[in-house]
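Descriptive structure summary
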Amino acid sequence: MGLKNHYNNLQYLFFIILSLFSISLIFNNNVWFDEAYTLSLIQHTYSDVIEILKSDMHPPLYFVSLKFFCEIFGYSITATKIFSMLGYIATLFLGCTIVKKHYGPVTSIIYMLTVGAVPMSLYFSVQQRSYEWCIFFVTLCFTEAMLFIENNKFRHCVLFVIAALLAAYNHIYALLAVGIIFALVNIYIFIKSRRLLKAIIISDISMVVGYSLWIIPLLNQTKSASESFWLKSVEPLSVIVFISGIVISALILIKKVNRKLPIVFAIISILSVQFIGLLVTIFIRPFYIARYSVVILGVFALLIAFVTKNIKLKIKKTICVLLCILNIICVVATGMFEYNSSMTDFFNSFEAIGSSSDIFVYCDSSFGIMSYYFPENRHICTYSESWFAAFDNVECIDKKELSDEFHPDDTVWFVKNKLTKLPEYIESNFNCELVDSFKCDFNSFEVYSIKLKLQ
C-alpha cells in the first residue's frame, strides 16, 4: 500500500510540474501568421466566423469555442494562449484519471512524461491554434475505444463517439485520426466481438449524423484545396518522421509481449495518419506536413506507456529519468523560443520612425502579423484568398495598380518574409531601402522603406 501511495503522489506531482511548464510559456506577445489569423477571425460574429471558415480548411469548433472563452476572459494574446494551455493540461489530466484507473500509476507517469518530452509538444501547448485540443480529443477517443472493446460498457461507447465528434469538428487531420480509430474498432468487432456489432453500428450512424452539419463545407474545402493549397511539395521532415515511426514500430513489435491490442491499435493509428497524408501529398497534391500529425501525440504517449508496462522496474525508473531530462530541455528550449525578444525590439525601435498614417505593403503572409500589431495603419496585400476576410483591416490590390495608391510623399513600408524574393514590380516602381528585420516564430522578416520612383 505504501508503494502504491508513493506512485500516486508522484503522479500528481508530475502533473503539477508539467502543467506549470506550459503555464510559464503564456506570458509573451509573439505571434505568427496562423495565430494572427486566429486572433483576427474571432473578432467577427459567430456566424461570420463559420462563413469565413467554410472558405478555409478548418472546421469551426476551436474558433467558436475560443471566441466564447474570450468573450468571458477578454480578447488578448494571453487569454488565447491560456485556452490552448487548458487543452494541454486536460491531455495530461487523462493520465491522472483514465490511464491511472485502468492501467496503473506507473503507466500514467510515463504517459504524462512522454506527452511533455515530445519535441514541439510545449510549443503547441501555447499556440493559438486547434492542435492542443485535437490532441486531447483524439487521445480520449482512443482510450475510450480501447475500454469499450475491453469492458463492453455503454458509457465508454458514448464517450468514444462524443470525443470523436469533438475532434472531427476541430481539425481535418483529427477527423482523419478518429476515422482511422473508428475503422479499427469496426474491423475488430466484426471479426472478434460481434456481440458489440449493434453498438458500433449505432456509433457509426451517430458519428455520420453528428458530422453531417460540416460534410458539405468539408467537401467544398477539399475540392478547393485540391486545386490550390499553400503547400507546394513534399516536406522532407514528414517523410523522416514517418520512416522513424516505422522503425520504432518494428522494434516494438519484435517482442511478442508487445503484440497486444492497445499497442497494435496505437501503432496502426499513428502510422495510418501519416501514411494517408503522404499518399495524398505524393499522388494527388501536397497536403500534409509533419505538424499535422501532432493530433496523435497523445496516442503516441500511450503507446510508449503501454510498451514500458512490462519492462523491469529498474529500467522503468531509468526511462522516467531520461524523460524528465527531456522535459526540462523542452521547456528551456521552448521558453527561449517563445520569449525571443526580436519582435519586441523591432517594435520598440520602429515606434521612433513610424506613425499611424504610414502604409504597409505585402506580397506574402507577413501581412497577418503586421496588421495585427498595427491595426490603425493601412495594409495593402498584392494577392488575395477568400479567407482573407478574417482580416478586416487588410486591402487586396492588384500589383499592377499598386503605384496608383500612393503619393510621392507618403511613408510606405514593404514587409516580406526573408525567404520571399523582392518582387520585380516593387523594384521597378519604387526606390527600396532595407530598414530593419525581425524574427517571429520560425520566420524572419525584412522591412523596407519604399518611395515611388519619379516617372
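My aim in this report is to walk through the structure given alongside it, one point at a time.

Rules used in this analysis
Residues numbered from 1 in each chain as written. Predicted model: local features only at pLDDT ≥ 70, side-chain atom pairs only at ≥ 80, totals over all residues. Heavy atoms only, no water. Patch = residues over 30% accessible without salt bridge, like charges linked within 9 Å, V, L, I, M, F, W, Y side chains within 5 Å. Areas by Shrake-Rupley, 256 points an atom, 1.4 Å probe, with all protein chains shown as cover. Salt bridge = Lys/Arg side-chain N within 4 Å of Asp/Glu carboxyl O. Helix = DSSP H or I, 4+ residues; strand = E, 2+ residues; numbered from the N terminus. Expected span 1.5 Å × (residues − 1). Buried < 20%, exposed > 50% of the residue type's maximum accessible area, 1.4 Å probe, protein only. Arc of directions from axis to C-beta. Phe/Tyr/Trp six-rings, centres within 6.5 Å; stacked < 30°, edge-to-face > 60°. Lys NZ or Arg CZ within 6 Å of the ring centre and 35° of its normal. 1 Å grid on protein atoms, 1.4 Å probe; cavity = no way out; pocket = protein on both sides within 12 Å on 5 of 7 lines; lining within 4 Å. Points joined across faces, edges and corners; volume = space filled by probe spheres on them. Nonpolar A, V, L, I, M, F, W, Y, C, P; charged D, E, K, R; others polar. Contact = heavy atoms within 4.5 Å.

Notes on a nonpolar patch on the surface
Taken together, Val 234, Val 239, Ile 243, Val 247, Leu 251, Ile 254, Phe 275, Ile 276, Leu 279, Ile 282, Phe 283 and Ile 284 make up a surface patch of nonpolar side chains, about 1100 Å² in accessible area. Contributions of two or more residues to the nonpolar patch are made by helix H12 (236-254) and helix H13 (261-283). For Ile 284, the position within the fold is in the loop between H13 and helix H14 (297-307).

Side note on helix H4 (residues 61-73)
With 13 residues, H4 should cover 18 Å at 1.5 Å per step; its first-to-last C-alpha distance of 18 Å lies within 8% of that length. Of the positions making up H4, those classed as buried are Tyr 62, Phe 63, Leu 66, Lys 67, Phe 69 and Cys 70. Mapping the buried residues of H4 onto a view down its axis gives an arc of 165°, with all of them on the same face. Residues Phe 68 and Ile 72 are exposed on H4 and point more than 90 degrees away from its buried face.

Regarding the packing of aromatic side chains
Applying the stated criterion across every chain, the model contains 49 aromatic pairs. Note on Phe 83 and Trp 133: the rings are 5.7 Å apart at their centroids and 40° apart in plane angle, and the pair reads as tilted. Remark: Trp 133 occurs in helix H8 (residues 131-151) and Phe 83 occurs in helix H5 (residues 77-103); sequence separation between them is 50 residues. Classification of Phe 83 by relative accessible area gives buried; the value is 10%. Relative to Trp 413, the ring of Phe 350 lies with its centre 5.0 Å away and its plane at 65°, an arrangement referred to as edge-to-face. Linking Phe 350 in helix H16 (residues 342-350) with Trp 413 in strand E4 (residues 412-417), this pair joins segments that are 63 residues apart in sequence. For the cation-ring pair, Lys 67 lies above Tyr 46, with the distance from its terminal atom to the ring centre recorded as 5.3 Å.

Quick notes on empty space enclosed by the protein
Scanning all chains against the criterion turns up 1 cavity of 30 Å³ or more. The space that makes up the largest cavity amounts to roughly 60 Å³. If you trace the largest cavity, you find it lined by Asn 30, Val 31, Trp 32, Glu 35, Gln 127, Phe 337, Glu 338, Asn 340 and Asp 441. Each residue belonging to the lining of the largest cavity can be placed in one class, and the counts come to 3 nonpolar, 3 polar and 3 charged.

Things to note about the environment of Val 280
Relative to the helices and strands, Val 280 is located in helix H13. Here Val 280 falls in the partly exposed class, since its relative accessible area comes to 25%. Separated by 96 residues in the primary sequence, Val 280 and Glu 376 have C-alpha atoms spaced 42 Å apart. Beyond its immediate stretch of four places on either side in the chain, Val 280 contacts Arg 285 and Phe 287.

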